[in-house]
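# Coordinates in review
So the chains spell out like this:
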Amino acid sequence: MDIKTLQVFLSVSDTLSFSRSSEQLHMSVSAVSRSVQRLEEELGRLLLERDNRRVRLTPAGRDFRSYAQRAVEDWLRTRRQLTDGAQLSGEVSLYCSVTATYSILSPILESFRSSHPGVEILLHTGDPADGIEKLLVGQYDVAVTGRPAQLNPRLAFLPLQESAMVFCMPAADCAVRRQVLEGDSSAREFDWGSLPFIVPERGVTRDMLDLWFESCAIKPRIYAQVAGHEAIVAMVGLGLGVGIAPELVIRAGGMAERVSQIPVWESLPALSIGLCAPRKTLMDPLVKSFWDVAASTFARTV
Ligand SMILES: CC(=O)[C@](C)(O)C(=O)O
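Residues numbered from 1 in each chain as written. Predicted model: local features only at pLDDT ≥ 70, side-chain atom pairs only at ≥ 80, totals over all residues. Heavy atoms only, no water.

What follows deals with the site of the ligand. Close to the ligand lie Ser97, Pro128, Val144, Gly146, His229, Pro246, Leu248, Val249 and Ile273, which account for all nearby residues. Between the ligand and Ser97 there is a distance of 2.5 Å, counted from an oxygen atom to a side-chain nitrogen or oxygen. Between an oxygen atom of the ligand and a side-chain N or O atom of His229, the distance comes to 2.4 Å. At a threshold of 2 Å from the grid points, most atoms of the ligand map onto the largest pocket. Within the shell around the ligand, the residues separate by chemical class into 6 nonpolar, 3 polar and no charged. (Near = heavy atom within 4 Å. Polar contact = N/O pair within 3.5 Å; in protein donor to acceptor, adjacent residues only side chain to side chain. 1 Å grid on protein atoms, 1.4 Å probe; cavity = no way out; pocket = protein on both sides within 12 Å on 5 of 7 lines; lining within 4 Å. Sits in = over half its atoms within 2 Å of the grid points. Nonpolar A, V, L, I, M, F, W, Y, C, P; charged D, E, K, R; others polar.)

Pairing between strand β3 (residues 90-96) and strand β4 (residues 119-125): 7 bridges, direction parallel. For Ser93, the partnering residue across the bridge sits in β4 and is Leu122. (Pairing = 2+ DSSP bridges. Helix = DSSP H or I, 4+ residues; strand = E, 2+ residues; numbered from the N terminus.)

One open sheet holds the 5 strands; their spatial order is β4-β3-β5-β12-β6, and the pairing between them is mixed. Edge positions in the sheet fall to β4 and β6 (155-163), since each of these pairs with one other strand and no more. Within the sheet, the average angular offset between the axes of one strand and its neighbour, ignoring direction, is 25 degrees. The sheet contact formed by β3 and strand β5 (residues 142-146) spans 2 bridges and is parallel. Each residue of the ladder has a partner; that of Leu94, found in β5, is Val142. Contacts from helix α5 (residues 98-115) reach β3, β4, β5, β6 and β12 (271-278), with the element oriented near 175 degrees to β4. (Axes fitted to C-alpha atoms, helices over the stretch in contact; angles between N-to-C directions. Contact = heavy atoms within 4.5 Å.)

Another aspect to go through is the pairing of strand β10 (residues 242-246). By the criterion of burial, β10 is predominantly enclosed, with 5 of the 5 residues buried. Neither face of β10 is exposed, since Val242, Ile244 and Pro246 on one face and Gly243 and Ala245 on the opposite face are all buried. Pairing of strand β7 (residues 165-170) with β10 involves 4 bridges; the strand directions are antiparallel. The residue bridging Phe167 from the neighbouring strand is Ile244, located in β10. (Buried < 20%, exposed > 50% of the residue type's maximum accessible area, 1.4 Å probe, protein only.)

Another point: the nonpolar core. Judged by nonpolar contacts, the single largest core of 50 residues is most densely connected at Ile104, Ile108, Phe167, Trp192 and Leu275. With 7 residues, helix α11 (residues 285-301) is the largest single contributor of residues to this core. Three or more residues apiece are contributed to this core by two domains, here domain 2 (88-160 + 272-301) and domain 3 (165-269). Once you skip the residues sitting within four places of it in the chain, Ile104 turns out to touch Thr99, Val144, Leu160, Gln161, Leu248, Ile273 and Phe298. Judged by nonpolar contacts, the second largest core, of 19 residues, contains Leu10, Leu25, Leu57 and Ala60. (Core = buried A, V, L, I, M, F, W, Y, C linked by side-chain atoms within 4.5 Å. Domains from an automatic or database assignment.)

Moving on, we get to the state of the cysteines. This model, assessed by the stated rule, comprises 0 disulfides. Cysteine Cys168 shares no disulfide, and the gap to the nearest cysteine sulfur, in Cys174, comes to 12 Å. A relative accessible area of 1% means that Cys168 is categorised as buried. (Disulfide = S-S within 2.5 Å.)

Here we come to the pattern of salt bridges. Overall, the coordinates contain 9 salt bridges when judged by the stated rule. Across the pair Glu49 and Arg56 runs a salt bridge whose closest N-O atoms are separated by 3.6 Å. Glu49 sits in the partly exposed class, given a relative accessible area of 37%. Close ionic contact of Asp173 with Arg178 constitutes a salt bridge, the shortest N to O distance being 3.1 Å. With relative accessibility at 48%, the residue Arg178 sits in the partly exposed group. Residues joined in a network through salt bridges with shared partners are Asp130, Glu201 and Arg202. (Salt bridge = Lys/Arg side-chain N within 4 Å of Asp/Glu carboxyl O.)

Spatially, β9-β8-β10-β7-β11 is the arrangement adopted by the 5 strands of the open sheet, whose pairing is mixed. Strand pairing shows two members of the sheet lacking a second neighbour, β9 (221-226) and β11 (259-261), which therefore form its edges. For this sheet the average axis-to-axis angle between neighbouring strands, irrespective of direction, equals 35 degrees. Strand contacts of helix α8 (residues 204-215): β7, β8 (196-200), β9 and β10, with the helix running at about 140 degrees to β8, the strand carrying the most contacts. The sheet contacts of helix α9 (residues 229-237) involve β7, β8, β9, β10 and β11, and relative to β10 the element is tilted by about 140 degrees.

As a further point, take the UniProt feature "coiled-coil region" (unreviewed entry) in the chain. Listed under "coiled-coil region" (unreviewed entry) in the UniProt record, and renumbered for this structure, are residues 29-56. Here residues 29-56 runs as 54% helix and 18% strand, with 17 Å between its end C-alpha atoms. (UniProt positions renumbered as here; feature names shortened; annotations may be inferred.)

Listed below in structure tokens is the structure:
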């Protein structure tokens, strides 16, 4: 049994006519009929009932038809992916945080590498807050970033995963933790202004936090401004202050045990994490194929 045989069977099960299928497939009627017959012999079951007037699917034929449809679709898709990928060669440059390399990029790269073996990925890590700027000056093709409230119209954004933004404090007993626990952080009147805050230097999450401070009428005490959420989580874990970070970064990093969440009266909006690229760059078939693989990888997991 081969794919061609399955295609012949599917055609006859659609047209319910050997002669119409023979025209459709550019084969002789006897070749179509032989092909179905050989399939039936191989399976030891009758798939099509024929009499002089008409052709009908048997119950076994109906079952086999759904298998044949799946097998043919699967084959066509795989062939398309392999041939598309084999034809493409070149480089795609990516910019993202260390956390994003293993939590977001690794499943994408796994399928991309097998479907596009000729394409090389150049990966650079750094503060995700710089991603958009770097794309706009043409330094990279694609970045993993949080979605800004206002996206520059020259950029496209593909959302892949949502992550809650979490306020965190040191998990071990220390002065900062005691200071938080002295009051009720989930109450509106909690004194946030006296806590040493470790905040992102700039970027989407810094903007979110500034808005939050403003809407809650809090004048924060900024203890440190750092690049990258991993550094915030590490500093909080060391007992230096309280901070914010996407839950994904806390969970994926090595300090998850050393920080704990601070309950809040009003939470920050969730961060939409995804791929960002200049619209112009997306017209490059290499970049577009990476984008498409990312979309289908995450469509399966979300
Ligand atoms: C925005 C982003 O890339 C992450 C994974 O959330 C991060 O590293 O902060």
